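Descriptive structure summary
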Amino acid sequence: MARFWWSYTLAFGSLLLLSSLFASGQAQSCGRRMVDLMALIHKGNAAKTGYWPWHAALFENKIRSFEYMCGGSIVSQNLILTAAHCLLTEQGLIAAERLLVQVGRNRLKLADTRGQEHEAHQLITHPDFDINDLVHDIALIKLATDISFTNYIQPVCLWDRNVDLQSIVGTKGFIVGYGFDDSDKVSDYLRDAEIPVVDSFTCINSNPEAFGLKLKDKMYCAGARDGVSACNGDSGGGMFFTYGNVWYIRGLVSFIPLRDQVALCDPNQYTVFTDVAKYLDWIREHFRQSGSSGGGGTPIDSPVDQSGKLRLLNLDVCGKSRYMGRAESSKPVFLGYPWMALLEYAVDAEREKQTLCHGTLISDRYVLTAGHCITQLPKRYRLTTVRLGDYDIKTTRDCASVNGVEECAPPVQIMRIESAIVHNGFNTPKYANDIALIRLRERAVISQSNVQPICLPVSNELRSFKPTTYTLTAWPIGGNVLGRADRQVVDSVECQANYTRYSITLEKTFRQICLKQDQSSGTRCTFPKSAAPLQTIQRLNGDNRYVMHGLLSYGPKDCTQAYPDVYTYIGPYMEWILNNIHE
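The paragraphs below set out a description of the structure included in this document. Every value quoted in this text rests on a predicted model; they were computed, and no experiment measured them.

What counts, and at which threshold
- Residues numbered from 1 in each chain as written.
- Predicted model: local features only at pLDDT ≥ 70, side-chain atom pairs only at ≥ 80, totals over all residues.
- Heavy atoms only, no water.
- Helix = DSSP H or I, 4+ residues; strand = E, 2+ residues; numbered from the N terminus.
- Buried < 20%, exposed > 50% of the residue type's maximum accessible area, 1.4 Å probe, protein only.
- Contact = heavy atoms within 4.5 Å.
- Polar contact = N/O pair within 3.5 Å; in protein donor to acceptor, adjacent residues only side chain to side chain.
- Pairing = 2+ DSSP bridges.
- Axes fitted to C-alpha atoms, helices over the stretch in contact; angles between N-to-C directions.
- 1 Å grid on protein atoms, 1.4 Å probe; cavity = no way out; pocket = protein on both sides within 12 Å on 5 of 7 lines; lining within 4 Å.
- Points joined across faces, edges and corners; volume = space filled by probe spheres on them.
- Nonpolar A, V, L, I, M, F, W, Y, C, P; charged D, E, K, R; others polar.
- Disulfide = S-S within 2.5 Å.
- Salt bridge = Lys/Arg side-chain N within 4 Å of Asp/Glu carboxyl O.
- Phe/Tyr/Trp six-rings, centres within 6.5 Å; stacked < 30°, edge-to-face > 60°.
- Lys NZ or Arg CZ within 6 Å of the ring centre and 35° of its normal.
- Domains from an automatic or database assignment.

Structural notes on the environment of Asp392
Turning to its location among the elements, Asp392 is positioned in the loop between β22 (381-388) and β23 (399-402). The class of Asp392 is buried, set by a relative accessible area of 18%. Along the primary structure Asp392 and Phe334 are separated by 58 residues, whereas in three dimensions their C-alpha atoms are 9.2 Å apart. Asp392 has contacts with Asp398, Asn480 and Val481, leaving out every residue within four places of it along the chain. Of note is the side chain of Asp392, whose polar atom sits 3.0 Å from the backbone nitrogen of Lys394.

Comments concerning the sheet that holds strand β32 (residues 565-569)
Pairing is antiparallel around the closed barrel formed by six strands, whose spatial order is β27-β28-β29-β32-β31-β30. Across the sheet, the axes of successive neighbouring strands diverge by a mean angle of 45 degrees, strand direction being ignored. Pairing analysis gives four bridges linking strand β31 (residues 543-554) to β32, with the strands arranged antiparallel. When the bridges of β32 are listed, Leu552 appears paired with Tyr567.

Notes on empty space enclosed by the protein
By volume, the largest cavity is sized at about 90 Å³. Together, 14 residues line the largest cavity, and Leu335, Tyr337, Gly389, Asp390 and Asn450 are the ones closest to its centre. Looking at the lining of the largest cavity, its residues break down into nine nonpolar, three polar and two charged. As a volume, the second largest cavity reaches approximately 70 Å³. What lines the second largest cavity is Lys48, Thr49, Gly50, Tyr51, Trp52, Pro53, His55, Gly104, Arg105, Asn106, Tyr152 and Leu190.

Some remarks on the environment of Lys508
By the secondary structure assignment, Lys508 is in the loop between α7 (492-501) and β29 (512-515). Given a relative accessible area of 2%, Lys508 falls into the buried group. Residue contacts for Lys508: discarding those within four places in its chain leaves Asn61, Ile63, Phe66, Glu117, Ser492, Gln496, Ile513 and Cys514.

Considering the pairing of strand β24 (residues 405-408)
Across four bridges, the pairing between β23 and β24 is antiparallel. Paired with Cys399 across the bridge in β24 is Cys408. Connecting β23 to the next strand, β24, in antiparallel fashion are two residues, including Asn403 with a positive phi near 55 degrees.

Comments concerning the sheet that holds strand β20 (residues 354-361)
Reading around the circumference, β19-β20-β21-β26-β25-β22 is the order of the six strands in this closed barrel, with antiparallel pairing throughout. For this sheet, the mean inter-axis angle between neighbouring strands, taken without regard to orientation, is 40 degrees. For strand β19 (residues 340-347) and β20, the ladder comprises six bridges, and the chain directions are antiparallel. Within β20, the residue paired with Ala341 across the bridge is Gly359.

Quick notes on the side chain of Ser492
Among the structural elements, Ser492 can be located in helix α7. A polar contact is formed between the side chain of Ser492 and the side chain of Glu117, at a distance of 2.5 Å. Discounting chain neighbours no more than four positions away, the residues touching Ser492 are Phe66, Leu100, Gln102, Glu117 and Lys508.

Examining the state of the cysteines
Applying the stated criterion across every chain, the model contains eight disulfides. Disulfide pairing places Cys70 opposite Cys86 at an S-S distance of 2.2 Å. Taking the torsion about the sulfur-sulfur bond, which here is approximately -90 degrees, the covalent link between Cys70 and Cys86 counts as left-handed. Of the two residues, Cys70 is situated in strand β4 (residues 66-76) and Cys86 in the loop between β5 (79-82) and β6 (88-89); the sequence distance between them amounts to 16 residues. Under the relative-accessibility criterion, Cys70 is labelled buried at 0%. In this structure Cys86 comes out as buried when scored by relative accessible area, which is 0%. There is a disulfide in this structure between Cys231 and Cys265, and the S-S distance comes to 1.9 Å.

Looking at the pattern of salt bridges
As enumerated under the stated definition, the model contains 23 salt bridges in all. Between Arg322 and Glu407 there is a salt bridge, with the nearest N and O atoms lying 3.0 Å from each other. With Arg322 in the loop between α4 (280-284) and β19 and Glu407 in strand β24, this pair connects stretches of sequence that are 85 residues apart. A relative accessible area of 44% places Arg322 in the partly exposed class. You can call Glu407 partly exposed: its relative accessible area is 22%. With a closest N to O distance of 3.8 Å, Glu350 and Arg380 form a salt bridge. Here Arg380 lies in the loop between α5 (372-375) and β22 and Glu350 lies in the loop between β19 and β20, a separation of 30 residues in the sequence. Classification of Glu350 by relative accessible area gives partly exposed; the value is 39%.

Regarding the packing of aromatic side chains
Applying the stated criterion to the full structure yields 23 aromatic pairs. Here Trp159 and Tyr243 contribute two aromatic rings whose centre-to-centre distance is 5.8 Å and whose plane-to-plane angle is 80 degrees, an arrangement assigned as edge-to-face. In this pair, Trp159 is assigned in the loop between β11 (157-158) and β12 (172-177) and Tyr243 in strand β15 (residues 238-243), connecting sequence segments 84 residues apart. What makes Tyr243 partly exposed here is its relative accessible area of 28%. Its end group placed over the ring of Tyr152, Arg114 keeps NZ or CZ at 4.5 Å from the ring centre. Over the face of the ring belonging to Tyr573 we find Arg511, whose NZ or CZ atom lies 4.7 Å from the ring centre.

Let's talk about α7
Since one α-helical turn is 3.6 residues long, residues separated by three or four positions face the same way. Restricting attention to buried positions, one finds in α7 the residues Ser492, Val493, Cys495, Gln496, Asn498 and Tyr499. If you check the start of α7, you find a side-chain oxygen 2.8 Å away from the backbone N of Val493, and it comes from Asp491. Of the residues flanking the end of α7, it is Ser503, one or two places downstream, whose phi is positive at about 55 degrees.

Some words on the layout of surface pockets
Within this model, the largest pocket holds a volume of roughly 1100 Å³. Taken together, 50 residues line the largest pocket, and the ones lying closest to its centre are Glu117, Thr145, Lys466, Phe510 and Tyr569. At the level of elements, β8 (99-103), β9 (116-125), α6 (460-464), β28 (483-490), α7, β29 and α8 (574-579) are the ones that each hand at least two residues to the lining of the largest pocket. By residue number, the principal contributor to the lining of the largest pocket is β9, which donates six residues. Of the residues in the lining of the largest pocket, the class split is 20 nonpolar, 16 polar and 14 charged. The residue makeup of the lining of the largest pocket includes at least three contributed by each of domain 1 (53-143) and domain 3 (310-580).

The following block contains the structure:
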C-alpha cells in the first residue's frame with residue numbers, strides 16, 4: 001500500500017518499519033461514513049472520497065519541501081493516533097513545528113477544498129516505546145487547533161469490545177494509506193486493502209527469524225501473504241473493522257519484513273500491527289473528558305484565551321459591519337470594512353506623502369501591519385502617519401450611492417505614530433515573522449462609521465476555523481479605490497512546491513498561509529499593496545463579526561508568475577500581539 005525503513009534496517013537488517021471516541025453506551029459520534037454510501041463503491045483499491053474520513057496524512061517540513069511521512073487516524077477533535085516510530089528522524093523525535101497534519105484529502109499530489117491542515121502542538125509517544133524492538137509503537141499527536149468535522153472529516157471509534165486477540169483471528173479488516181503501489185512508488189490516491197488477522201503462532205512460523213523475537217503480546221499479525229499488504233508509507237495508518245455500520249480502529253501499521261534485504265516491503269509476508277485495544281487506558285488519559293464521545297485531547301493551554309489584555313482590543317465593537325446580513329459579494333465596499341488603514345510615508349525632497357502599505361486597525365490605539373513596511377523601506381522614505389477611514393485616496397471626502405441613496409463618509413483621521421514594534425524574528429528565515437504593531441499617539445475615534453477596529457482570533461475556537469477562502473480587502477498598487485476579492489487557500493505542500501519550482505526562497509511555516517492569486521483571464525492584472533488583510537466572518541460574543549486571519553507578506557509582482565501569495569497568519573502571533581500592547 002514506509003517510513004523510516006532505515007532506522008529499523010540498521011537495528012535488525014531484515015524488518016521494515018511501515019512508517020477516539022468511545023462508542024459503547026453513548027450517542028454515536030464516531031466511526032460513521034457521512035457521505036452517500038451508494039456513491040462509494042470503489043474500483044480496485046483506490047478509495048473514493050469520503051470512504052475513510054478519519055485517515056490523516058503526516059508530512060515533515062524539510063525546510064523547502066514537505067515530505068510525506070506516515071498515516072494516522074483522527075480519534076478526536078485535536079488528537080491523531082499514529083505509530084511512535086513515525087515521529088522519529090535520524091536526529092531523534094521530530095520537532096512539532098516540523099510536522100504537518102492534513103485531514104480530509106483523498107490524493108497526495110492534488111488537494112481540494114475538503115481538506116484541512118493542522119499544526120502539531122505536542123507529540124506524545126508511549127513512555128515505554130523502544131525503537132530497538134518496536135514495543136509500544138504507538139503515539140498521539142495533539143493539534144494546535146481543533147479539527148472541524150465535516151462529511152469528509154470524521155473521527156474513528158476506539159475499540160470497545162473484546163480485547164482478546166483470538167476474538168478477531170480470521171476476521172478481515174481494512175488497512176488504508178498512501179503507501180507504495182505496484183510500481184514501488186508512493187501512491188497519489190488513498191488506497192485500501194482488506195486483509196485477515198492471523199494468530200501469533202502462524203505468524204511466527206511463517207518467518208521465525210523476522211517474527212520470533214519481535215512479535216510481542218501487544219502486537220498482532222495480519223495479511224494473506226498473497227501480495228496484498230501494507231508497504232512503505234503506510235506506517236501509522238489504522239486497521240479498521242466494522243460492526244453495525246460503525247468503524248473501529250484495532251491496529252496501527254508497525255513493520256513488515258524486507259524484500260530481498262532492500263528497503264522495500266515484502267507483500268508476501270505478514271504485516272505486524274500495534275494492538276490499539278491494549279492501550280485504551282493510555283489513550284484515554286489524553287482525552288478532554290475521559291471516555292467521552294464528544295471530547296478531544298486536553299485543551300491547549302494558551303495564555304491568549306484568558307489574557308487580561310484582551311480588554312484592550314475593543315471586543316464589544318470590533319468586526320461589526322453595517323452590511324453583515326448580506327452575502328459578501330453583494331456588500332458595498334464603501335463603509336463596509338472600516339478597519340482599513342494606509343501607512344503614509346514622507347519622501348525626501350517630495351511634498352506629497354506616499355502610501356506603500358496597508359495597516360489594519362485592531363483597537364482604538366493599535367494598527368497591525370507587516371514588518372517589512374517598517375524596516376525595509378525604499379531610500380528616502382520615512383513612516384510618519386496612519387490614515388484611517390479612507391475609501392478613494394484621491395478624493396478629499398468619500399461619497400457613494402448605498403441602496404440608491406447618496407451617502408458621504410465622515411472625514412478621514414490622520415493619526416500620528418507614537419511607536420512601532422517589529423517582531424524580533426522578522427526575516428529569520430527570509431520573509432518569516434513579517435508582522436509589526438504601530439501604536440498611535442492618540443486614540444482613534446472609533447464611533448465614526450468609517451473607523452472601527454476588526455476582531456482578532458482571540459480564542460482557540462476562532463483560531464481553529466479553517467475556511468477554504470478568505471475575503472481580501474485592499475487598495476491596488478497604482479489604484480485609488482478600496483477593493484474586495486475572495487482568495488482561495490493553497491495548502492502548504494502545494495505552496496512550497498510552487499515556490500521551489502520557481503526557484504524562489506520560501507521556508508513555509510505554520511505562521512504563514514498561502515492563497516491563490518486572482519488574475520482571471522480577461523481581467524486587468526493588479527496586485528494589492530503590502531500588508532492587505534484577510535478576514536472572514538465568525539461568531540464572537542453571540543454576534544457575527546469580521547475576524548482578521550492574515551496580512552499580505554509577499555508574492556509575485558509579475559502577471560506571468562503563478563505561485564501563490566504568502567500571508568502572515570495572525571493566529572500564531574496572538575500571544576506576541578498581546579504581550580506588546582498596553583494601555
